[in-house]
Amino acid sequence: MSETIRVSASAETSTSSARLSESYAPTPEIASLWDGVHESLRLEFGEAAFRSWLKPLVLQAYYHGTLEVSVPTRFMRDWIHNHYAARILEICVAANPDIRRLEIVVVQNAIPSEEPTPAIRERAAKANQNHDDAALLELSSPLDPRFTFETFVVGKPNALAHAAARRVVESAAVPFNPLFLYGGVGLGKTHLMHAIAWAMRAHWPEKRVMVLSAEKFMYQFVRALRAKDTFSFKEMFRSVDVLLMDDIQFISGKESTQEEFFHTFNALVDQNKQIIISSDRQPSDLAGIEDRLRSRLSWGLVADIQPSSYDLRLGILKARRTQLGVHVPDSVLEFLALKVTSNIRELEGALTRIVAHADVVSTPVTLETTQDVLQDLLRAHDRRITIDEIQRKVAEHYNLRVSDMHSARRARNVARPRQVAMFLSKQLTARSLPEIGRKFGGRDHTTVMHAVRKIEELLETDVQIAQDVDIVRRALTG
Ligand code: ADP
Ligand code: MG
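Cut-offs used in this document
Residues numbered from 1 in each chain as written. Chains lettered and ligands numbered in written order. Predicted model: local features only at pLDDT ≥ 70, side-chain atom pairs only at ≥ 80, totals over all residues. Heavy atoms only, no water. Helix = DSSP H or I, 4+ residues; strand = E, 2+ residues; numbered from the N terminus. Buried < 20%, exposed > 50% of the residue type's maximum accessible area, 1.4 Å probe, protein only. Contact = heavy atoms within 4.5 Å. Areas by Shrake-Rupley, 256 points an atom, 1.4 Å probe, with all protein chains shown as cover. Salt bridge = Lys/Arg side-chain N within 4 Å of Asp/Glu carboxyl O. Expected span 1.5 Å × (residues − 1). Near = heavy atom within 4 Å. Polar contact = N/O pair within 3.5 Å; in protein donor to acceptor, adjacent residues only side chain to side chain. Nonpolar A, V, L, I, M, F, W, Y, C, P; charged D, E, K, R; others polar. Domains from an automatic or database assignment. Pairing = 2+ DSSP bridges. Axes fitted to C-alpha atoms, helices over the stretch in contact; angles between N-to-C directions. Phe/Tyr/Trp six-rings, centres within 6.5 Å; stacked < 30°, edge-to-face > 60°. Lys NZ or Arg CZ within 6 Å of the ring centre and 35° of its normal. Core = buried A, V, L, I, M, F, W, Y, C linked by side-chain atoms within 4.5 Å.

Colleague: Summarise the overall build of the protein; cite the residues concerned and give the values.
Modeller: A tally of helices and strands in the protein yields 21 helices and 9 strands. The buried share among the 478 residues of the protein stands at 51%. A fraction of 76% describes how many contacts in the protein between residues 6 or more apart in sequence connect residues 24 or more apart. With the model as given, the accessible surface of the protein reaches about 22300 Å², and the carbon-plus-sulfur share is 52%.

Encoded structure:
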């Protein structure tokens, strides 16, 4: 268990590449906001509750929408989390909408950060005196329970990164140092890092595993500098067996943090301790990072996570459907896998949205409701396949003439392929049902709707049709 509890106002996870300031000390505005919040809490909960629980809360830091407050004991932290945290966050957000998270940390003998330096120094020294596991956990980021190897879907684009991650966990000796994972936003870097950490804990319970973002490393370092106590900070980092540092690109241009990280890195490598690093780009492309550090980063294994493929996206969606235990037809998942190609986070977001919508309005998820709900998103991803192209490919696949797509012939061997073409027109273009009808020899929109439903149905029961649709779709989408 982590020592830190986060309370989030929204499910938002920020991945902006915004430059960080090296200081996280609360600004005077935030400090006075906090005073106001404190006062509101006194009024709202009354003097007794305030004295016991809320008065001891001390503002520690503010960074990227996260307000960090401390309490002196774990018990208090849990109590506040369960009874007051949601309300505290609400009041904070009302005062400043930029605040998105409240983080409650345990700091023994907490004192306000405006207090004179000697006191801070004393506290920091005390807290870091012996780098025991509690302190280690305090620094380490909480592991996301959803991010494990079991839930990580492997496909061609991430096969190398995944294999390397497994090797790191399974090898008794350090197989390569560091393991450097890189890839674009939302492609699974953090997921893999946490998966490694979970598995390490299970396989090697005696190892001290630390996961943190480069951002947090910097924050901790700056805090230690402020407290004039970098000694315990160094000791702490050098005592871990496995260090996982996420989003290393954050320390670009932060010279003193880089310097510190470089020394930590070398000390760990010298002791043959495993280091795993993630980044949004490969070492050679990390601008604003010193040459000597950049070159050391590529000493071990550099593994990339490539942009996802259709198959991987579909695999992930199917796995999510099972996890969520919801009924979503394959045709909808295929549609999403085709259309939402930017990154996995957006893909999962799209699925969540349609499932939530279906739940709220109590209707089953269909291709049509999906297109409706995701209109805005889809416009941005539209790949502009035309109905003419679809008709040509379908005709080609079934050995028919393109004119059969428009004709009135109703023989099954012509009618079924025509329905497939209508279905694909609905799935792959933004055309409305009447528009599609017109392109198919002036048919009525209800005929098109019937065709779409029929094929959706058959896709779940008829392997041949499913195969045909898949082949044609691949031909169309490249
Ligand atoms: P990054 O750190 O690269 O920006 P994340 O690791 O946060 O991306 O991944 C974004 C989302 O996509 C997470 O919810 C993660 O679980 C999911 N995800 C990414 N890749 C996979 C995968 N291969 N299998 C399952 N889920 C994945
Ligand atoms: Mg990440």
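Colleague: I'd love a proper account of the pattern of salt bridges, names of residues and values included.
Modeller: Taken as a whole and assessed by the stated rule, the structure comprises 25 salt bridges. E68 serves as the salt-bridge partner of R223, at 3.0 Å between the closest nitrogen and oxygen. Placement of R223 in helix α8 (residues 214–226) and of E68 in strand β3 (residues 66–71) is noted, with a sequence separation of 155 residues between them. With relative accessibility at 3%, the residue E68 sits in the buried group. Between E90 and R87 there is a salt bridge; the shortest N-O distance is 2.6 Å. Taken together, the positions of E90 and R87, both in helix α3 (residues 85–95) and 3 residues apart, correspond to about one turn of that helix. In this structure E90 comes out as partly exposed when scored by relative accessible area, which is 47%. Here the salt bridges share partners, and the residues they tie into one network are D311, E334, D470, R473 and R474.

Colleague: Would you mind going over the environment of L424 in detail, with residue names and values included?
Modeller: Following the sequence through the fold, L424 ends up in helix α18 (residues 412–428). Classification of L424 as buried rests on a relative accessible area of 0%. Here the alpha-carbon distance between L424 and V469, two residues 45 residues apart in the chain, equals 7.9 Å.

Colleague: I'd like to hear about helix α7 (residues 189–203), residue by residue, with values.
Modeller: Three- or four-residue spacings in an α-helix give side chains the same orientation, since the helix completes a turn every 3.6 residues. Spanning 15 residues, α7 covers 21 Å between terminal C-alpha atoms, matching the ideal 21 Å at 1.5 Å per step. Where α7 is concerned, the buried positions are K189, H191, L192, M193, H194, A195, I196, A197, A199 and M200. Looking at the buried side of α7, the elements it contacts are α6 (159–170), β5 (179–183), β6 (209–213), β7 (242–246), β8 (274–279) and β9 (301–305).

Colleague: Quick one: what's the story with the site of ligand 1, residue by residue and with numbers?
Modeller: In the vicinity of ligand 1 there are 17 residues, among which V153, G186, T190, H191 and E348 approach most closely. For ligand 1, an oxygen atom lies 3.3 Å from a polar atom in the backbone of L187. At 2.7 Å from an oxygen atom of ligand 1 is found a side-chain nitrogen or oxygen belonging to H191. In isolation ligand 1 exposes 560 Å². Once the protein is present, 92% of that is buried. Sorting the residues of the shell around ligand 1 by element identifies α7 and α14 (344–361) as the ones contributing at least two each. For the shell around ligand 1, a count of residues per class yields 7 nonpolar, 7 polar and 3 charged. Both domain 2 (156–305) and domain 3 (310–374) contribute no fewer than three residues apiece to the shell around ligand 1.

Colleague: Please give an account of unusual backbone geometry that cites residues and values.
Modeller: Cis rather than trans, the peptide bond between N177 and P178 has omega equal to -5°. Position of P178 relative to the elements: it lies in the loop between α6 and β5. In the Ramachandran plot, S362 falls in the positive-phi region, its phi being about 50° despite a non-glycine side chain. We note that N399 has phi near 60°; this positive angle belongs to a residue other than glycine. On the accessibility criterion, N399 (72% relative accessible area) is exposed.

Colleague: Account for the sheet that holds β8, naming residues and giving values.
Modeller: Strand order across the open sheet formed by 5 strands is β6-β7-β8-β5-β9, with parallel pairing between neighbours. Either end of the sheet is taken by a strand with one partner, and the two such strands are β6 and β9. Adjacent strand axes in the sheet meet at a mean angle of 15°, parallel and antiparallel pairs treated alike. Bridge count between β5 and β9: 5 bridges; the pairing is parallel. Each residue of the ladder has a partner; that of L181, found in β9, is A303.

Colleague: So what's going on with the packing of aromatic side chains? Which residues, and what values?
Modeller: Per the stated rule, a full pass over the model turns up 8 aromatic pairs. Ring geometry for F233 and F237: centres 4.7 Å apart, planes at 55°, overall tilted. One end of the pair, F233, and the other, F237, are both in helix α9 (residues 230–238), 4 residues apart, so they sit about a helical turn from each other. For the pair formed by F233 and F237, the shared burial category is buried. Lying over the aromatic face of W198, R201 brings its terminal NZ or CZ to 5.7 Å of the ring centre.

Colleague: So, the nonpolar core: which residues are in play, and what are the values?
Modeller: Ranked by size, the top nonpolar core spans 50 residues in total, and within it L336, I354 and L424 carry the most contacts. Examining the composition of this core, we find that 7 residues originate from one element, α18, more than from any other. Two domains each put at least three residues into this core: domain 3 (310–374) and domain 4 (387–477). Among all residues touching L424, those that are not within four sequence positions of it are I390, V394, T429, V469, V472 and R473.

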